[in-house]
Amino acid sequence: MTVLPAQLTSSLSDVAEGYRRHSDAISRGVLWFLIALLFSWAAIFETDLFIAGLIVGSVLALGAIGLTLIYGILGFANFAHGDTMMLGAYMAFFFLTGTVVGKRTNIDVDLGWSIDRLPGATAGLGDLSFGWGLLLAIALAAIVLAVFSVGLDRVVYRPLRRRGSGIVIFAMAALGIAFSIRALMLIIWGPDPRRYVQGLHYANEYPFGVVLKTDQIFIFLVALGLAAVMYYVLFHTKLGKAMRAMADNPDLALVSGINTTRIVMWTWVFAGGLMAIAGALLSIQALLRPILGFELILPLFAATILGGIGKPQGAFIGALVVGVAQESSIQFLRSVGFEDLSIGYKPAVAFVILILILLLRPRGLFGTAT
Amino acid sequence: MRFERMLTPLVLLTVTGLLVGTTLERSRSLDGTINFLAFFATTAAIYAVFSLALNVQWGYTGIFNFGVAAFFLVGAYTAAIFVKPPADPESSVRYVGGFGEVFSPPFLGGDQWVPFLVAMLAAAIASGLLAFLLAIPTLRLREDYLAITTIGIAELLRRIVIQEDYLVNGSRSLIGIPKPFSGYFEADTNRFVYLAVVVVVLIVVFLLVERVIRSPWGRVLRALKEDEIATAASGKNVFAFKMQGFILGAMFMGVGGAVFAFSRGSIGPTTFDHFFATFLIWAMLIVGGSGNNWGAIAGAYVVWGIFTITLNLQLYDLPSLIESRISFIRDFLLGLLIVAILLLRPQGLIPEERRVSIWLDRRMRKSTPGDPAATNTSEP
Amino acid sequence: MTFALEATGLVAGYGEAEILHSVSVTVADGEMVAIIGPNGAGKSTLLKAVFGLLPARAGEVRLGSEDVTNHTPDRIVAAGMSYVPQVENVFPSLSINENLEMGAFIRRDGLPERLERVYEMFPDLTSRRRDAAGKLSGGQRQMLALARALMLDPTVLLLDEPSAGLSPKMVHIIFKKILEINKAGTAVLLVEQNAREALSFSQRGYVLVAGENRLEGDAAGLIDNEEVGRLYLGES
């Protein structure tokens, strides 16, 4: 290697640094601009879909915050995240109704104890389709999944960490767990769709042609509230700051004297709890089906990578973008000439976002240059 | 040490014994057993082609393809429209292509094999092209981005098949895919002829992979898997080599999809489920031992063997609690098996042909003093 | 004589490879000691073994009177030793304030006073408390890394190549800052490629070759030493 005079090398690196910062700012600007464009178009021309997208996005965000923290802190893609969310939804169903399938997978068995037997547990709260029983069931499911996630880390991921396995081995283990969880749901609750509440529920009309069920407003508020709690934890408590620090640089966290084992445990506690709540909130709006978990993977990862790995605030915004895009972009494409485009492509939107972000700015909105 | 050497033969023997035993019990005749085992062997050999193909990508190049289903699907459908006659406008079965007659030379019984060779080639090219397109945005980035993207493309392709029902008959199955040499033999005999065809394809793929891996090009690939930075430093174009490894593996997957389509005679979008078309193949490679072609084949045999044995179990008088969900229980255990192998025996049945374990190697590289890439040792 | 840090007969390595073969280093209270040596001599490995990041297969590390051999980093930090890695030594997405706060993670009390004290030593950082560390220049990052390591007022500070990647002017500023820290009472053990600069600021030095102690002595003597000069100071 040729030896350059020290001054020349340093000024060269200054130029390179300047260029990098410049292009960094441009790609970030372009990304924010595209997002602003999407949001304002959707808000003005498809207000109804925009609101629906925000609601879905806010729930996705709860899953994506956990996913991005695990991704940043433990450094691997948790492909079991979607299936674990569904497991949380089913746990809430189980606590609420006490139902599992019996000898045959199409015959239900009632275990004889459940929250919905408690007096008044299913009476609709105000205009909502469900009562406090479901809320209690979701809370229990969150606790169970928090414990489950910590346990899974102890049994599977921690031994892999100790051995210094590569990220691919972690991802593979996560995929194995994902399929096991899905099979477990099929074993316990069967393949037929479930719902928390029977019967029809009507939507109300709001200004600008927005039609919403009160359930949806509730879901949105709960999701935003929890995101706010997570914001407080991550940005204003020592534990949360240490989690962000570890997501930035686990080695330096260790060297700084941070008890990384404890931080990892708390990460799984939060991620597990959020997964259960997010899964259950999604299922209030739709049916519960074991296979839905795998379909959540793409939107969750699109949101996480869009926001920047390890950046919870990024995951939140990324999830809103994915939600709004998913709900409104088919309509958008129809309006610009693809009249025949099928609504069946909705799930493909997350994939398109993923490819775009990988081409444009793989480190995401909030990702820092390294 | 003794146990180590005994493990692989023990597993192979147990699986074979249970397989033959349960099949005999199930069909209660020698003919039936042989027919069933021929069908088993055909499917296992097809899966072995996929396992070898994945080994090229993951075992030798370190490319993390979680969307094998996408290449499986493209290969199978491409092959199907290359061997089928043109779609009948009167019929409700719609599909594009139908080049079967185009590539049937009117001599030497050409219609019995030429279209199939053309179809396999077309499947390989289509699948390789898909790999090329996917590689452009992802191959330069961290390795798990490719995993996420390939999961996505598998899902997207399945949706396209369903939505654009004029392409390959939508969510209904595309039926009537012929088998090679089927004009010469009775259906019963042709089962064995087709097994022979698949075995020949497997042997050809195996020899090709072995040859390629031992070539100078293959050595670069393996060096790349061990240490990308060092390989780049020695003047190799890392991106190009990874791209080539990815495309080569995808082309073999296309061939696998083609022989699968001929074997089944009918394919639909549900055939290319993530579980059957991706996870199972990963399970095979991990059980067998990635980085070793014999391991890839052994893994396909063992995993598909376990699969078939559980199918056979349904004929016994199991408690209905278990019987009604035996396939779910099997999937559950298979998922756990993968995790257990990663934890307890990451090298699989037949380890990579190297002395030092690659995990040890990785850790060393990770924490080499002054290495700027040193990250992710989150716990002491 | 009491030592702030005393490492004796350390053996350590990665996997099957042994990199340090019985290395001994001492740092007296308030002393500044430089470790120099060719690439691959095991300098960084030595710091990692001292700090418990790499298991010591033999030997002992004492911090004052306390045996900290193979303790986890959080216990070593609590015992009064801090470490600044060579690269990636700040948390880029955390603010400067939060970076410093992480330096005092193990302590529940006295955070405002600790911050105050460190900001006084590094006035340049004060005005940018709320900025993300990722926005800092190379020299400022190095300052922040030092500041983070000083949050608990350690008795011993381990520095891995503090001058790496900096311009010559910045190298000088950083070394002056390190000297200032040292003058304030913190013993410093630093590993350097930039041997001349390191020795000129230190009181004593060690020359490490192939994982073994080669030479040791006071810094001025080492600079004048013919062999050291020829091999590591770029003199012909």
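Residues numbered from 1 in each chain as written. Chains lettered and ligands numbered in written order. Predicted model: local features only at pLDDT ≥ 70, side-chain atom pairs only at ≥ 80, totals over all residues.

**Quick notes on the overall build of chain C**
The helix and strand inventory of chain C stands at 10 helices and 10 strands. What you see for chain C is a C-alpha radius of gyration of 17 Å, in line with the 18 Å of a compact globule of 236 residues. Taken over the C-alpha atoms alone, chain C extends approximately 50 × 40 × 35 Å along its principal axes. By the burial criterion, 47% of the 236 residues in chain C qualify as buried. (Helix = DSSP H or I, 4+ residues; strand = E, 2+ residues; numbered from the N terminus. Rg over C-alpha atoms; globule rule 2.2 N^0.38 Å. Buried ≥ 20, exposed ≤ 12 C-beta atoms within 10 Å, placed from the backbone.)

**Comments concerning the overall build of chain A**
Each helix and strand counted, chain A has 12 helices and four strands in total. Taking 370 residues into account, the globule formula puts the C-alpha radius of gyration at 21 Å, and chain A, at 22 Å, falls close to it. Across its three principal directions, the C-alpha atoms of chain A cover 80 × 55 × 35 Å. Expressed as a percentage of its 370 residues, the buried residues of chain A come to 53%. Sequence-distant contacts in chain A: of pairs separated by 6 or more residues, those separated by 24 or more amount to 75%. (Contact = placed C-beta atoms within 7 Å.)

**Remarks on the pairing of strand β3 (residues 32-36) of chain C**
The side chains of a regular strand alternate between both faces of the sheet. Residue and element names in this part refer to chain C. Within β3, five of the five residues are buried, leaving the element largely enclosed by the surrounding structure. Here β3 shows no split at all, with Met-32, Ala-34 and Ile-36 on one side and Val-33 and Ile-35 on the other all buried. Pairing of β3 with strand β8 (residues 187-191) involves four bridges; the strand directions are parallel. Across the sheet, residue Val-33 finds its bridge partner in β8, namely Leu-189. Sheet analysis places β3 next to strand β9 (residues 204-209), joined by four bridges and oriented parallel. Along β9, the bridge assignment pairs Ile-36 with Val-207. (Pairing = 2+ DSSP bridges.)

**A closer look at the nonpolar core**
Judged by nonpolar contacts, the single largest core of 320 residues is most densely connected at Ala61(A), Val49(B) and Ala79(B). Looking at this core, the element that brings in the most residues is helix α2 (residues 47-74) of chain A, giving 19 residues. Among residues more than four places away in sequence, those in contact with Ala79(B) are Ala119(B), Met120(B), Ala122(B), Ala123(B), Gly257(B), Ala258(B), Ala261(B) and Phe262(B). (Core = buried A, V, L, I, M, F, W, Y, C linked by C-beta atoms within 7 Å.)

**Considerations on the sheet that holds strand β2 (residues 17-28) of chain C**
All names here are of chain C. In space, the four strands of this open sheet follow the order β2-β1-β4-β5, with antiparallel pairing throughout. Across the chains shown, the open sheet's two edge strands, defined by having one partner strand only, are β2 and β5 (66-67). Looking at chain direction, strand β4 (residues 58-63) and β5 are connected through two bridges and run antiparallel. From the neighbouring strand, Arg-62 faces β5, where its bridge partner is Asp-67. The strands touched by helix α1 (residues 43-50) are β1 (3-14), β2 and β4; relative to β2, the strand with the most contacts, the crossing angle is about 70 degrees. (Axes fitted to C-alpha atoms, helices over the stretch in contact; angles between N-to-C directions.)

**Focus on helix α5 (residues 167-189) of chain A**
Residues and elements named next belong to chain A. The end-to-end C-alpha separation of α5 is 32 Å, in line with the 33 Å expected for 23 residues at 1.5 Å each. With 19 of its 23 residues buried, α5 lies for the most part within the structure. Following α5 by one or two positions, Gly-190 adopts a phi angle in the positive range, close to 75 degrees. (Expected span 1.5 Å × (residues − 1).)

**Some details on the interface of chain B and chain A**
Taken together, the contact pairs 49 residues of chain B with 52 residues of chain A. Every element with two or more residues in the side of chain B that touches chain A is listed here: α4 (114-138), α5 (143-163), α11 (274-288), α13 (320-323), α14 (326-344) and α15 (358-366) of chain B. Here the side of chain B that touches chain A gets 13 residues from one element, more than from any other, and that element is α5(B). Of the residues assigned to the side of chain B that touches chain A, the class counts are 27 nonpolar, 12 polar and 10 charged. (Nonpolar A, V, L, I, M, F, W, Y, C, P; charged D, E, K, R; others polar.)

**Some thoughts on the confidence of the model for chain C**
Looking at chain C as a whole, the pLDDT averages 89, with 97% of positions reaching at least 70. Prediction confidence for the complex, expressed as pTM and ipTM, is 0.88 and 0.91 respectively. (pLDDT = per-residue confidence, 0-100.)

**Concerning the sheet that holds β9(C)**
All names here are of chain C. Strand order in the open sheet formed by six strands is β6-β7-β8-β3-β9-β10, and the pairing between neighbours is mixed. Strands with a single pairing partner mark the edges of an open sheet, and in this sheet they are β6 (81-84) and β10 (212-218). Adjacent strand axes in the sheet meet at a mean angle of 15 degrees, parallel and antiparallel pairs treated alike. As paired strands, β9 and β10 are joined by six bridges and run antiparallel to one another. If you follow Leu-208 over to β10, its bridge partner there is Asn-213. Strands in contact with helix α6 (residues 138-149) are β6 and β7 (156-160); relative to β6, the strand with the most contacts, it is inclined by about 165 degrees.

**A word on the environment of Asp74(C)**
All names here are of chain C. Counting through the fold element by element, Asp-74 comes out in helix α2 (residues 73-79). Judged by the 21 C-beta atoms lying within 10 Å of it, Asp-74 is buried. Expressed as a C-alpha distance, the spacing of Asp-74 and Leu-166, which sit 92 residues apart in the sequence, is 29 Å.

**Some points on the packing of α2(A) against helix α10 (residues 292-307) of chain A**
Residue and element names in this part refer to chain A. Two numbers describe how α2 lies on α10: the axes approach to 9 Å, and their chain directions differ by 65 degrees. When you trace α2 past α10, the crossing you get is right-handed. The residues of α10 that touch α2, namely those facing Leu-60, Gly-63, Ala-64, Leu-67, Thr-68 and Tyr-71, are Leu-296, Pro-299, Leu-300, Ala-303, Thr-304 and Gly-307. Here the contact of α2 with α10 is built from residues that sort into eight nonpolar, four polar and no charged. (Left-handed = near helix turned anticlockwise from the far one by under 90°.)

**Topic: the environment of Met151(C)**
Residue and element names in this part refer to chain C. Within the element layout of this structure, Met-151 appears in the loop between α6 and β7. Put simply, Met-151 and Asn-99 are 52 residues apart on the chain and 10 Å apart in space, counted from C-alpha to C-alpha. Ignoring sequence-local partners within four residues, the contact set of Met-151 consists of Leu-100, Gly-103, Ala-104, Arg-114 and Val-118.

**A few points about unusual backbone geometry**
All names here are of chain C. For Asn-70, which is not glycine, the phi dihedral falls at a positive 55 degrees. Secondary-structure assignment places Asn-70 in the loop between β5 and α2. At Glu-161, a position not held by glycine, the phi torsion is positive, near 50 degrees. Inspection of the secondary structure puts Glu-161 in the loop between β7 and α7 (168-183). For Glu-161, a count of 21 C-beta atoms within 10 Å gives the class buried.

**What about the packing of α4(B) against helix α10 (residues 238-264) of chain B?**
Residues and elements named next belong to chain B. Two elements in contact, α4 and α10, have axes whose closest approach is 7 Å; the angle formed by their N-to-C orientations is 140 degrees. Comparing their axes, α10 and α4 come out oblique. The way α4 lies across α10 gives a crossing that is right-handed. Between α4, through Phe-116, Ala-119, Met-120, Ala-123, Ala-124, Ala-126, Ser-127, Gly-128, Leu-130, Ala-131, Phe-132 and Ala-135, and α10, the contact on the second element is made entirely by Met-243, Phe-246, Ile-247, Ala-250, Met-251, Met-253, Gly-254, Val-255, Gly-257, Ala-258 and Phe-262. Looking at the contact of α4 with α10 residue by residue, the classes come out as 19 nonpolar, four polar and no charged. (Parallel < 35°, antiparallel > 145°, perpendicular 65-115°, else oblique.)

**Brief notes about helix α3 (residues 68-83) of chain B**
Its 16 residues give α3(B) an end-to-end C-alpha distance of 23 Å, which sits within 8% of 22 Å, the value for a rise of 1.5 Å per residue. Among the 16 residues of α3(B), 16 are classified as buried, and the element is accordingly described as predominantly covered.

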